[in-house]
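Okay, here's what each chain looks like letter by letter:
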Amino acid sequence: MVEQEKMKVKICLVGEGAVGKTCLIRRFVHDEFEDRYISTLGAKVSKREIIVDGANGGEVAVDMTIWDIMGEKGFRELLKEAYFHGAQGVLAVCDLTRRDTLYDLHDWVKAVNKVTGDIPVQFLANKKDLADQRSFEDKEMESVAAKYNSAFLSTSAKTGDNVSEAFEKLARMIAKRLVPQ
Ligand code: G3D
Ligand code: MG
């Protein structure tokens, strides 16, 4: 029998203000959604453990430390070293009703990579429940993600759609990288 491996990982959520980062974390950690706006004063850390398949056919218990950031642009310059330091994976989040938030992700991912080197990034188009207000096509997001050898998922922190899948996908990418083949 293959023993269950354990790993601790730090992941960060990046993206412009109000794209839904705090709500996605709340949904994943507590499985709930609050319509009240939560303004994040600095970085907040949440934890959750999930089990994913490892590279050697066994299971890997991934103890995720999830860092939430406030969305202000100035923050990046001021605290990014501390925030991104030691991160093994990133969820890069945009709001599918605001096209600019998709293209802002280039700056965010570059800022992370400058501190961490090349780490797995999962792109998320959040607010899937507002599909009638969408401001870009899937293929636009696909090509942004492809620049970082990544893919994207559409999520809704409001309905919970694809939220755990998003975190699990990132955890699998990290687990595959860290477990020796
Ligand atoms: P941020 O942490 O990226 O800054 P928040 O964003 O998580 O604080 O969310 C910002 C706003 O978007 C909040 O609305 C929140 O309720 C809403 N939101 C987050 N995710 C979703 C989603 O999937 N669908 C919808 N419809 N709304 C979402 P308010 O109005 O309170 O500012
Ligand atoms: Mg927030």
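Here goes a summary of the coordinates provided. Residue numbering note: each chain is counted from 1, following its sequence as written. Chain labels run from A onward and ligand labels from 1 onward, assigned in the order the entries are written. It should be noted that, the model being predicted, local features are given only for residues of pLDDT at least 70 and side-chain atom pairs only at 80 or more, the latter also being counted only at that level, while totals for whole chains, interfaces and linings use all residues. Side-chain numbers here rest on the full set of heavy atoms in the structure, without hydrogens or water.

Runs of H or I in DSSP of at least four residues are treated as helices and runs of E of at least two as strands, each being numbered from the N terminus. Regarding its fold elements, the protein chain presents six helices and six strands. Secondary structure of the protein chain in N-to-C order comes out as β-α-β-β-α-β-α-α-β-α-β-α. By the burial criterion, 49% of the 181 residues in the protein chain qualify as buried. We call two residues in contact whenever any of their non-hydrogen atoms come within 4.5 Å of each other. In the protein chain, once contacts between residues fewer than 6 apart in sequence are set aside, the share between residues at least 24 apart is 75%. When the accessible surface of the protein chain is totalled, it reaches about 9,200 Å², and 49% of it is carbon and sulfur. Whether a residue is buried, partly exposed or exposed follows from its accessible area with a 1.4 Å probe, protein chains only, as a fraction of its type maximum: under 20%, in between, or over 50%, in that order. Using a 1.4 Å probe, accessible areas were evaluated by the Shrake-Rupley method; residue-level cover was limited to the displayed protein chains.

The next point concerns the side chain of Asn126. By the element assignment, Asn126 lies in strand E5 (residues 121–126). For Asn126, a relative accessible area of 3% translates into the label buried. For Asn126, the side chain forms a polar contact with the main-chain oxygen of Val19, separated by 2.9 Å. A 3.5 Å cut-off defines polar contacts: any pair of N or O atoms within that distance qualifies, except that in protein one atom must be a possible hydrogen donor and the other a possible acceptor, and neighbouring residues in sequence count only when both atoms are side-chain atoms.

For this analysis, a ring pair means two rings from Phe, Tyr or Trp (six-membered ring only for Trp) whose centres lie within 6.5 Å, classed as stacked if their planes differ by under 30 degrees, edge-to-face if by over 60, and tilted for the remaining angles. Within this structure, the stated rule accounts for four aromatic pairs. Ring geometry for Tyr83 versus Phe84: centroids 5.0 Å apart, planes at 65°, classification edge-to-face. You'll find Tyr83 and Phe84 in the same group, each marked buried. Only Lys NZ and Arg CZ are tested; either one counts as a charge over a ring when it is within 6 Å of the ring centre and within 35 degrees of the ring normal. It is Lys10 that lies over the ring of Trp67; its NZ or CZ is 3.7 Å from the centre. Taking NZ or CZ as reference, Arg134 lies 5.8 Å from the ring centre of Phe136, over its face.

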